[in-house]
Amino acid sequence: MAITRFGTVSAATASVLLCAGLVDQASAQQTSSTNQLMLEEVVVTSRKREENLQEIPDSVTVLGADTIERAGMQTITDFAAMTPNLSAFGNFRPNLTNITIRGITSTQLGEPPVAFVVDGITVPNIEFINQGLHDIQSIEVIRGPQGALYGKNAVGGAINITTKQPVEEFEGSVRVSYGEGDDLGLSGTIGGNVADERVTYRLSAFYRDADGLIDDDFLGEATDFIEEKGAQGLLGFKISDRTYVDLRFRYSDGDYGVGWYDLVSADDIETDTERRAHNVFPIDENKLQNVSLKLEHEADGGTFQFVAGYNKSEDENFLDGDFTALPPDFDNGFFPAAQFSLVEDSAVTVETRFTSPSDANLRWQVGAFYQDRDRDNDFDFIDDPVGNVRRDRSSFANELVFDIVRDRQTSEATALFGQLNYDATDALELTFALRYDEEDREGLDPRDPDSKAEDSFDELQPKGSLAYQFSEHLLAYATLARGFRSGGFNEVGPGVTRTFDSEISDTLEVGFKSTLLEGLLTFNVAAFASKLDNAQFSRFNPETFGLEQLAISEVENNGLELEGRWLPIESLDVQFGFALLDNEITDFNPDDFILPPEGLEGNTIPRVADWSANLAITHFYALSDGIDLSTRIAANWLGERYFDIENTFKDDGATLVDVSIALETEDWTVALRANNLFDELEPEDMIVGPAGPGRFRNKPRQILAELTYRF
């Protein structure tokens, strides 16, 4: 693996090594302080086995159940705000979040830049990445290419979600919340055991009904409404002392507001001078369902695990096609329209692996992966001859339909992988992992048999790490890794580049992890240099009025990250993170595009911020025996970024603040939250449509109350 540019991070690397030396010296000089509580050991499974977070050579952010609940986290956007170099923003429809991790972005027609794993099952598409968070035990975000263990799409990292497991004793909880925008939320969970503790279960359900907070001036009501319901469950079987099987399911069904774009100028994307004024009432209908089976068997030589899952998503939306309520103007070619989209995606995923015991000097793991996936996409424009009259979907029954897209795609992916960890000495660990992924893809427009496209995308993804434990409190490491994101096919259309290539990410990372002040402070730093070949991105195609996925020949990402957690006193918990990123297009071949953009070298990839920071401070105060008062303030800062590959539409950055105050006992919690406390307007997406550039804004300030009762 070749990395062509390290000069820009040499100073950062030197700083990391210098800081490591200073930290090691400081740890050696620690003195006994107070009777404060120590930070608990954090156990992660980022390398597919249980390990101490501070002893693995990877940049990992971990959020536990207490943090998730106190922060009121509901989506990937919430935990991205607490993770260096990870951003998640809404666009167009609720279940299509834009993700950016270390300068690598999600694409609407291709694959996400991260592997997303829920209870051991790699989910097949971005729809499941954006599902709500319910009954979650922990979230792990592993940054940097993770292809050696997680395979295709882990080009920027991996996200592990673990839901709460059943316990032997019966337990349950009920939660109700109410907030601005007539936002009502209900959820409940029960769990326990039956059959002499050989069978365990955990069931949860949720419901939310909200009118919304973003008003449309023409329609006279909010267009970010939500009405959703769902359930998830787990049934576990202890077959023997060595064998365990569980069955899981999840289902959700919701109607959502969609496409609340404002028409703005390039100079006004961060102001609220423009108002939403659409004449077509928008609605997005979304269904997600998945079932899975997991088998674990403890053999004499290690642990055998088999997981299999079926995932299906259906999304149908209908909304304004020009994002205005303007009437037709045939002198300038402007025609109002509505738009319809139907996306159905299903996949069967199977993975098996065998892991050696963790107490040997030489540890290993081998496994295999298979996924079969189908994806159908229809997109229509419907003529709106009036354009300045309020309409809904039923009123377009007799209008002229332009069937723009009819796309049918299938893929079959297979992989083999393995990893070796060797303790060369008591202080030195060597790691080598290798995975081979191959994906066969087909694309077809059923209206045109000649449109059939077939291709195979494959890659060998190695990863090597060297980790040295200078002391009990200091680990230094260096990692060289490759990630791979499959290529694919764009929907058939005039002026559309049919095939886009696979994306390859090669990254060198050096860093250290430290535990200081007798266990009261963790402080981790990493510097990295990454080269992307065929960096994928999506853009609006004016010929088809749809999205097209393309690839830039070469992009370089160089950055620095730090994060940590500190308990300065027993009643105060401080979590922090900071990231710098230099993202630059270094090579661009216009021959790769039918409609090539211009002047890209030196530009940045869309939606990539040059810096970010996060800080969360939680204070606990004992009001009386058994009743605590907790106060939390969390801030997320985002630096400058562009929304288009030509770097025309620029966002100067934002500061978003959330606060909460809660009374907590062992049995119940009452909380008052304010999300986006200062009502900061932050553009999350930009498109250029037939009536001009449109901005998709973030959610305004919302204050809500929440009651949780545990039994």
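Quick look at the structure, then.

### Let's talk about the overall build of the protein chain
Of regular secondary structure, the protein chain possesses five helices and 41 strands. Computed over the C-alpha atoms, the radius of gyration of the protein chain is 25 Å, within 12% of the 27 Å expected from 2.2 N^0.38 for a compact globule of 711 residues. Along the longest, intermediate and shortest principal axes, the C-alpha atoms of the protein chain span 80 × 60 × 50 Å. Within the span of the protein chain, comprising 711 residues, buried residues form 55% of the whole. Of the contacts made within the protein chain by residues no fewer than 6 positions apart, 67% connect residues no fewer than 24 positions apart. When the accessible surface of the protein chain is totalled, it reaches about 28,700 Å², and 55% of it is carbon and sulfur. Taken as two groups, the 55 positive and 126 negative side-chain charges of the protein chain have centres that lie 3 Å from each other.

### Concerning the pattern of salt bridges
Taken as a whole and judged by the stated rule, the model has 48 salt bridges. When the shortest N-O distance is used, the salt bridge between glutamate 439 and lysine 152 registers 3.7 Å. Here glutamate 439 is found in strand 24 (residues 428–445), whereas its partner lysine 152 is found in the loop between helix 5 (147–150) and strand 10 (157–163), with 287 residues between them in sequence. Under the relative-accessibility criterion, glutamate 439 is labelled buried at 1%. Among the residues examined, lysine 152 registers a relative accessible area of 9% and is labelled buried. A cluster of three or more residues bridged by salt bridges with shared partners is formed by Glu111, Lys152, Asp345, Arg373, Arg375, Glu439 and Arg441.

### Digging into empty space enclosed by the protein
The final tally for this structure, using the stated rule, is 13 cavities of 30 Å³ or more. Approximately 390 Å³ is the volume attributed to the largest cavity. If you go around the largest cavity, you meet 28 residues; those closest to its centre are Val118, Asp119, Thr163, Gln232 and Arg250. Contributions of two or more residues to the lining of the largest cavity are made by strand 7 (114–118), helix 4 (126–129), strand 10, strand 13 (199–210), strand 16 (226–238), strand 17 (243–256) and strand 19 (283–299).

### Structural notes on a negative patch on the surface
Taken together, Asp372, Asp374, Glu412, Asp440, Glu442, Glu454, Asp455, Asp458, Asp501, Asp591 and Asp592 make up a surface patch of like negative charges. Listing elements by their share of the negative patch, those giving two or more residues are strand 22 (362–383), strand 24 and strand 25 (448–471). A per-element tally of the negative patch places strand 25 first, with three residues. Tracing the sequence through the fold places aspartate 592 in the loop between strand 32 (572–587) and strand 33 (611–624). Under the relative-accessibility criterion, aspartate 592 is labelled partly exposed at 33%.

### Examining the packing of aromatic side chains
Within the structure shown, the criterion is met by 13 aromatic pairs. Note on phenylalanine 170 and phenylalanine 711: the rings are 6.0 Å apart at their centroids and 35 degrees apart in plane angle, and the pair reads as tilted. Here phenylalanine 170 is found in the loop between strand 10 and strand 11 (171–179), whereas its partner phenylalanine 711 is found in the segment after strand 41 (702–710), with 541 residues between them in sequence. Residue classification places phenylalanine 711 among the partly exposed residues on the basis of a relative accessible area of 41%. Pairwise contacts between aromatic rings join Trp260, Tyr261, Phe323 and Phe696 into one cluster. For the cation-ring pair, arginine 102 lies above phenylalanine 528, with the distance from its terminal atom to the ring centre recorded as 4.0 Å. Its guanidinium or amino end placed over the ring of phenylalanine 396, arginine 391 lies 4.0 Å from that ring's centre, counting from NZ or CZ.

### Here we look at the sheet that holds strand 3 (residues 59–64)
Across the sheet, five strands lie side by side as 3-9-10-7-8; this open sheet has mixed pairing. Every other strand in the sheet has two partners, leaving strand 3 and strand 8 (121–122) as the edge strands with one partner each. Sheet topology note: the strand 7/strand 10 ladder contains five bridges and is parallel. Its bridge partner being in strand 10, valine 114 is matched across the sheet by glycine 157.

### Considering the pairing of strand 7
With five of five residues buried, strand 7 is to be regarded as a mostly interior element. Every second residue of strand 7 is oriented toward a common face, with Val114, Phe116 and Val118 on one face and Ala115 and Val117 on the other, all of them buried. Of the pairings in the sheet, the one linking strand 7 to strand 8 comprises two bridges and is antiparallel in character. For valine 118, the partnering residue across the bridge sits in strand 8 and is isoleucine 121. Taking the residues between adjacent antiparallel strands as the criterion, strand 7 and strand 8 are bridged by two residues, where aspartate 119 takes a positive phi near 50 degrees.

### A few points about the nonpolar core
Among the nonpolar cores identified, the biggest contains 26 residues, and Leu63, Met73, Phe79, Leu86, Ile139, Ile159 and Ile161 are the most heavily contacted of them. Where this core is concerned, the elements lending two or more residues are helix 3 (76–80), strand 4 (86–91), strand 5 (93–101), strand 7, strand 9 (136–143) and strand 10. Each residue touching leucine 63, except ones within four places of it in the same chain, is listed here: Ile68, Met73, Phe79, Met82, Gln137, Ser138, Ile139 and Gln575. Judged by nonpolar contacts, the second largest core, of 17 residues, contains Val155, Ala535, Phe537 and Leu600.

So, how was this worked out
Residues numbered from 1 in each chain as written. Predicted model: local features only at pLDDT ≥ 70, side-chain atom pairs only at ≥ 80, totals over all residues. Heavy atoms only, no water. Helix = DSSP H or I, 4+ residues; strand = E, 2+ residues; numbered from the N terminus. Rg over C-alpha atoms; globule rule 2.2 N^0.38 Å. Buried < 20%, exposed > 50% of the residue type's maximum accessible area, 1.4 Å probe, protein only. Contact = heavy atoms within 4.5 Å. Areas by Shrake-Rupley, 256 points an atom, 1.4 Å probe, with all protein chains shown as cover. Lys, Arg positive; Asp, Glu negative; His and termini not counted. Charge placed at Lys NZ, Arg CZ, Asp CG, Glu CD. Salt bridge = Lys/Arg side-chain N within 4 Å of Asp/Glu carboxyl O. 1 Å grid on protein atoms, 1.4 Å probe; cavity = no way out; pocket = protein on both sides within 12 Å on 5 of 7 lines; lining within 4 Å. Points joined across faces, edges and corners; volume = space filled by probe spheres on them. Patch = residues over 30% accessible without salt bridge, like charges linked within 9 Å, V, L, I, M, F, W, Y side chains within 5 Å. Phe/Tyr/Trp six-rings, centres within 6.5 Å; stacked < 30°, edge-to-face > 60°. Lys NZ or Arg CZ within 6 Å of the ring centre and 35° of its normal. Pairing = 2+ DSSP bridges. Core = buried A, V, L, I, M, F, W, Y, C linked by side-chain atoms within 4.5 Å.

By themselves these figures say nothing about function.
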